[in-house]
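Structural overview
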Amino acid sequence: MAAPFTLRKIGVPPNSANLTEARRRVFDFFRAACRSIPTIMDIYNLQDVVAPSQLRFSISAQIRNNAHVTDPKVIDLLLFKGMEELTDIVDHAKQRHHIIGQYVVGEGLVQNTGSKDQGKSDFLKNFYTSNYF
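The rules behind the values
Residues numbered from 1 in each chain as written. Predicted model: local features only at pLDDT ≥ 70, side-chain atom pairs only at ≥ 80, totals over all residues. Heavy atoms only, no water. pLDDT = per-residue confidence, 0-100. Contact = heavy atoms within 4.5 Å. Patch = residues over 30% accessible without salt bridge, like charges linked within 9 Å, V, L, I, M, F, W, Y side chains within 5 Å. Areas by Shrake-Rupley, 256 points an atom, 1.4 Å probe, with all protein chains shown as cover. Salt bridge = Lys/Arg side-chain N within 4 Å of Asp/Glu carboxyl O. Helix = DSSP H or I, 4+ residues; strand = E, 2+ residues; numbered from the N terminus. Buried < 20%, exposed > 50% of the residue type's maximum accessible area, 1.4 Å probe, protein only.

In this section: the confidence of the model for the protein. Mean pLDDT over the protein stands at 81; residues scoring 70 or higher make up 77%. Scored below 50 in pLDDT, residues 108-112 makes eight contacts in the model with residues more than four places away or belonging to other chains.

Here it is in structure tokens:
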């Protein structure tokens, strides 16, 4: 009886048979991620930085970034990476500033990138328009 639980605990499901099954798995992952938001808020003490709705928006934005993918194997790979990330966050494998940097500031909720092009010198204007950003 312990072997099936061990396989389930690892979280490596068989590949999706078709696109509809992969889509169902994406929705299941989104539900699991949203259900873990209160735990994440408590573990990392994020109440003063971000609201749960903003974290939910950040999760949905991450999923929407890959909405163009139609190959079930690629979707399964992305789901595995997402589940691994969620497991690391819930197991407290990351620190608070990692969560804030990736999911609060990094998603455009706080970040303002429009003021960089207002450099006074030509060197800075050329630097900001280069390939570094």
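A cluster of nonpolar side chains, contributed by Phe123, Leu124 and Phe127, occupies part of the molecular surface with about 290 Å² of accessible area. The residue phenylalanine 123 is located in helix H7 (residues 122-128) in this model. What makes phenylalanine 123 exposed here is its relative accessible area of 63%.

Our focus in this paragraph is the pattern of salt bridges. Throughout the structure, instances matching the rule amount to six salt bridges. Between arginine 25 and glutamate 21 there is a salt bridge, with the nearest N and O atoms lying 3.1 Å from each other. Placement of both arginine 25 and glutamate 21 in helix H2 (residues 19-35) is noted, with a separation of four residues, approximately one turn of the helix. With a relative accessible area of 15%, arginine 25 lands in the buried category. With its nearest N and O atoms 3.1 Å apart, the salt bridge here joins aspartate 28 to arginine 24. Here the residue aspartate 28 and the residue arginine 24 both occupy positions in helix H2, the gap between them amounting to four residues, near one helical turn. Salt bridges linked by common partners bring Glu21, Arg25 and Asp76 together as one network.

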